[in-house]
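Understanding the architecture of this molecule
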There are 2 protein chains.
Amino acid sequence: MTDQTAYVPPKIWKWDKESGGRFAQINRPIAGPTHDKILPVGQHPLQLYSLGTPNGVKVTIMLEELLAAGHSGAEYDAWLINISDGDQFSSGFVDINPNSKIPALVDHSVGEPLRVFESGSIMIYLAEKFGAFLPTETRGRTETLSWLMWQMGSAPFLGGGFGHFYAYAPIKIEYAINRYAMEAKRQLDVLNRNLADREYIAGADYSIADMAIWPWYGLTVKGLAYESGEFLQVQEYEHVNRWADQLALRPAVRRGRMVNRVQGDPASQLHERHDASDFDTKTQDKLADQN
Amino acid sequence: MTDQTAYVPPKIWKWDKESGGRFAQINRPIAGPTHDKILPVGQHPLQLYSLGTPNGVKVTIMLEELLAAGHSGAEYDAWLINISDGDQFSSGFVDINPNSKIPALVDHSVGEPLRVFESGSIMIYLAEKFGAFLPTETRGRTETLSWLMWQMGSAPFLGGGFGHFYAYAPIKIEYAINRYAMEAKRQLDVLNRNLADREYIAGADYSIADMAIWPWYGLTVKGLAYESGEFLQVQEYEHVNRWADQLALRPAVRRGRMVNRVQGDPASQLHERHDASDFDTKTQDKLADQN
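Residues numbered from 1 in each chain as written. Chains lettered and ligands numbered in written order. Predicted model: local features only at pLDDT ≥ 70, side-chain atom pairs only at ≥ 80, totals over all residues. Heavy atoms only, no water.

1. Regarding the relation of the copies chain A and chain B
- Each copy superposes on the other: chain A lies on chain B with an RMSD of 0.0 Å after a rotation of 180 degrees and an axial shift of 0.0 Å. Classification of the inter-copy transformation places it as that of a two-fold axis.
- A high fraction, 100%, of the interface residues of chain A reappear at the interface in chain B, so the copies pair face to face through one surface. (Least-squares fit on C-alpha atoms with pLDDT ≥ 70 in both. Contact = heavy atoms within 4.5 Å.)

2. Some points on the sheet that holds strand β3 (residues 104–107) of chain B
Residues and elements named next belong to chain B.
- Here four strands make up an open sheet; going across it, the order is β2-β1-β3-β4 and the pairing mixed. With one partner strand each, in any of the chains shown, β2 (76–80) and β4 (114–117) form the two edges of the open sheet. Neighbour to neighbour, the strand axes of the sheet diverge by 20 degrees on average, direction disregarded.
- Sheet analysis places β3 next to β4, joined by four bridges and oriented antiparallel. In the strand pairing of β4, Leu105 is matched with Val116. (Pairing = 2+ DSSP bridges. Helix = DSSP H or I, 4+ residues; strand = E, 2+ residues; numbered from the N terminus. Axes fitted to C-alpha atoms, helices over the stretch in contact; angles between N-to-C directions.)

3. Some details on unusual backbone geometry
- In this model, Ile102 of chain A is joined to Pro103 of chain A through a cis peptide bond whose omega is -5 degrees.
- Along the chain, Pro103 of chain A turns up in the loop between α2 (91–96) and β3 (104–107).
- You will see that Phe133 of chain A, though not glycine, has its phi angle at about 65 degrees, which is positive.
- For Phe133 of chain A, the location among the structural elements is in the loop between α3 (119–130) and α4 (138–168).
- Backbone geometry at Gln233 of chain B places phi at a positive 50 degrees, although glycine is not the residue there.

4. Concerning the packing of aromatic side chains
- Within this structure, the stated rule accounts for 29 aromatic pairs over all chains.
- Judged by centre distance (5.9 Å) and plane angle (80 degrees), the ring pair of Phe133 of chain A and Tyr206 of chain A falls under edge-to-face. With Phe133 of chain A in the loop between α3 and α4 and Tyr206 of chain A in the loop between α5 (174–196) and α6 (208–221), this residue pair connects regions lying 73 residues apart in the sequence. Taken individually, Phe133 of chain A and Tyr206 of chain A each receive the classification buried, so the pair is uniform in this respect.
- Joined through ring pairs, the aromatic side chains of Phe157, Phe165, Tyr175 and Tyr180 of chain A together with Phe157, Phe165, Tyr175 and Tyr180 of chain B make up one cluster.
- One Lys or Arg, Arg273 of chain B, reaches over the ring of Tyr76 of chain B and ends 4.2 Å from the middle of that ring. (Phe/Tyr/Trp six-rings, centres within 6.5 Å; stacked < 30°, edge-to-face > 60°. Buried < 20%, exposed > 50% of the residue type's maximum accessible area, 1.4 Å probe, protein only. Lys NZ or Arg CZ within 6 Å of the ring centre and 35° of its normal.)

5. Notes on the interface of chain A and chain B
- Of the residues lining the interface, 81 residues belong to chain A; the matching set on chain B comes to 82 residues.
- Of the roughly 7400 Å² buried where chain A meets chain B, counting both sides, 62% is carbon and sulfur surface.
- The tally of links from chain A across to chain B stands at four salt bridges.
- Among the salt bridges present, the one from Arg141 of chain B reaches Glu128 of chain A, with a minimum N-O distance of 2.7 Å.
- Only β4 (114–117), α3, α4, α5 and α7 (229–232) of chain A provide two or more residues apiece to the side of chain A that touches chain B. (Buried area = accessible area lost by both parts, 1.4 Å probe. Salt bridge = Lys/Arg side-chain N within 4 Å of Asp/Glu carboxyl O.)

6. Some points on the confidence of the model for chain A
- Across chain A, pLDDT averages 94, with 93% of residues at or above 70.
- Interface confidence in the predicted complex, given as ipTM, is 0.95; pTM for the same model is 0.95. (pLDDT = per-residue confidence, 0-100.)

7. Comments concerning the sheet that holds β4 of chain A
Residue and element names in this part refer to chain A.
- In space, the four strands of this open sheet follow the order β2-β1-β3-β4, with mixed pairing throughout. On the outer flanks of this sheet lie β2 (76–80) and β4, each paired with one strand and no other. Strand after strand, the sheet turns through a mean of 20 degrees between neighbouring axes, direction not considered.
- Helix α1 (residues 54–68) rests against β1 (46–50) and β2 of the sheet, and its axis sits at about 155 degrees to β1.

8. Quick notes on the pairing of β2 of chain B
Residues and elements named next belong to chain B.
- Buried residues dominate β2, accounting for four of its five residues.
- Summarising the sheet, strand β1 (residues 46–50) and β2 pair through five bridges and their orientation is parallel. For Leu46, the partnering residue across the bridge sits in β2 and is Tyr76.
- Regarding the hand of the β-α-β motif, the stretch spanning β1, helix α1 (residues 54–68) and β2 is right-handed. (Right-handed = clockwise from strand over helix to strand, strands pointing away.)

9. Considering the side chain of Asp189 of chain A
- Of note, Asp189 of chain A is situated in helix α5.
- Within the structure, the side chain of Asp189 of chain A is placed 2.7 Å from the backbone nitrogen of Ala31 of chain B, a separation counted as a polar contact.
- Apart from residues no more than four positions distant in its own chain, Asp189 of chain A is found in contact with Tyr237 of chain A together with Pro29, Ile30 and Ala31 of chain B. (Polar contact = N/O pair within 3.5 Å; in protein donor to acceptor, adjacent residues only side chain to side chain.)

10. So, the pattern of salt bridges
Residues and elements named next belong to chain A.
- Scanning the entire structure with this criterion turns up 26 salt bridges over all chains.
- In this structure, Lys129 engages Asp107 in a salt bridge whose closest nitrogen and oxygen atoms are separated by 2.8 Å. Placement of Lys129 in helix α3 and of Asp107 in strand β3 is noted, with a sequence separation of 22 residues between them.
- The class of Lys129 is partly exposed, set by a relative accessible area of 31%.
- A cluster of three or more residues bridged by salt bridges with shared partners is formed by Glu64, Glu75, Arg255 and Arg273.

11. Some details on the nonpolar core
- Core analysis: the largest hydrophobic core is formed by 170 residues, its most contacted members being Leu126 of chain A together with Leu126 of chain B.
- Residues within four places of Leu126 of chain A in sequence aside, it is in contact with Leu46, Val59, Met62, Leu63, Leu66 and Leu105 of chain A. (Core = buried A, V, L, I, M, F, W, Y, C linked by side-chain atoms within 4.5 Å.)

12. What about the packing of α6 of chain A against helix α8 (residues 238–248) of chain A?
All names here are of chain A.
- At a closest axis distance of 9 Å, the pairing of α6 and α8 adopts a crossing angle of 115 degrees. Between α6 and α8 the crossing geometry is left-handed. Between α6, through Asp210, Ile213, Trp214, Tyr217, Gly218 and Val221, and α8, the contact on the second element is made entirely by Val240, Asn241, Trp243, Ala244, Leu247 and Ala248.
- Residue composition of the contact of α6 with α8, grouped by class: nine nonpolar, two polar and one charged. (Left-handed = near helix turned anticlockwise from the far one by under 90°. Nonpolar A, V, L, I, M, F, W, Y, C, P; charged D, E, K, R; others polar.)

13. Brief notes about the side chain of Ser121 of chain A
- Structurally, Ser121 of chain A can be placed in helix α3.
- Note on Ser121 of chain A: relative accessible area 2%, which makes it buried.
- What Ser121 of chain A contacts, discounting residues up to four positions off in sequence, is Val116 of chain A together with Thr142, Leu145, Ser146 and Met149 of chain B.

14. Some remarks on the packing of helix α3 (residues 119–130) of chain B against helix α6 (residues 208–221) of chain B
Residues and elements named next belong to chain B.
- Two elements in contact, α3 and α6, have axes whose closest approach is 10 Å; the angle formed by their N-to-C orientations is 150 degrees. Considering their axes alone, α3 and α6 lie roughly antiparallel with respect to each other. As α3 runs across α6, the sense of the crossing is right-handed. Across the interface between the two elements, Met123, Ile124 and Ala127 from α3 touch Ile208, Met211 and Ala212 from α6.
- When its residues are assigned to classes, the contact of α3 with α6 shows six nonpolar, no polar and no charged. (Parallel < 35°, antiparallel > 145°, perpendicular 65-115°, else oblique.)

This is the structure:
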């Protein structure tokens, strides 16, 4: 470990497979599959291949909300893609998401199976397929999509930036932690000012913007991400806290958080979801206590 | 400048206004306006407030493509938001984008002025308003939106990650440069594999996915971003190079790149755009030479 101030990058970057910390085994400078494997396919029209990280949870909340609202066509199988094991590099997964990131969805109800990748794209796809949680009039739809896009472009600074350098990187780098802590706090303040005047992110109605933002910023503001609650002084963001608590009480949000979850209280983990009754064996009240 | 390996973060993060390098003056841990200022409004239905960075160029390419395709309703005024001067923190700008980032668009043709923020949201808004560059059938539309979302979630690693630590940060941090160089190369390889089989990003048709990805990855692969061509060995990505060259030849792409541009050859800079004839005084052929 050398003094970082003395570092001069080489002319041509080389892949050092030993660097990278906790994610060294799963970060690569090349795309494509590492092994052949066919993805399993269940009984339902919608097949989700995911993991209970914030990007995965967005989609399982949406699916559970759709089912709760009576859209029975949203029944789904949720398969576990364990990124620590490299499942995202199987040939089957790369076929449905060439970017090798969870979540990815396949819709078998539209003829030839249709792939949908990137969580933000899946949110729009499901909202339009079922006509739910995305206003159809121009003004509300536009505001909702602006906030959805805000989440897509902002969370890489919260997760890949702040979370990585504060919690996961093998060394604590002052400059990087400062850079991303400042941005994480700015983003929380953007939300806080917005939620001072509104019940939900895009206005009076609960939407895909809320579902996309909650797993990242709702959990962060409750001190449940990166053990950073005190560091970021998350209690300052009172309106985000109010909104985060409100969403956490929704049964569909609680269920969505359990799906493909592989950490925390075992009672909160539903590694795969194939039927609504799969939740019955789990203690949902424990999840409520965590929020 | 201390040895980074010895750094222990404090319990509570504090804002050090001196840190942050080149962007220290414009990065803040709080949102909201810093000063009162009303935004100018021109003659056209669409008012764009932007800067010629990759996120800004996406939108000006789209507007120029719409006009080239005969959608006269896409006439626009493009106003310069100089982020180095803090224009994004004016009360007028914060009203149309609470996130204080360019680009932001206001549509005056739909009754009460309608704000659209986040470049990805603006791309969808314009595509749907004019029925162009976004397929209407489900399969093509879904693939296009997946790639558009890929760009939104990936570019923060290329720009805010790789570009920042390789080119802009006040110190060269080996770990951070390695982390983001690896990811930048992976992302270029994702595109390269996709473009091996397709003329355009989402298939046979030119779409908003191409327009969103080109200003980031098209310029990077041509060695025009962060002086990183040799470091990233961008010539390896032959299909991305082919596609980048192809788009660079489009007159609308050349014009879009000039709008709100404040660096490079003065002949390539059109600080504000209010009329199609504004381009006439500029030497567009020089832009072609740069690609």
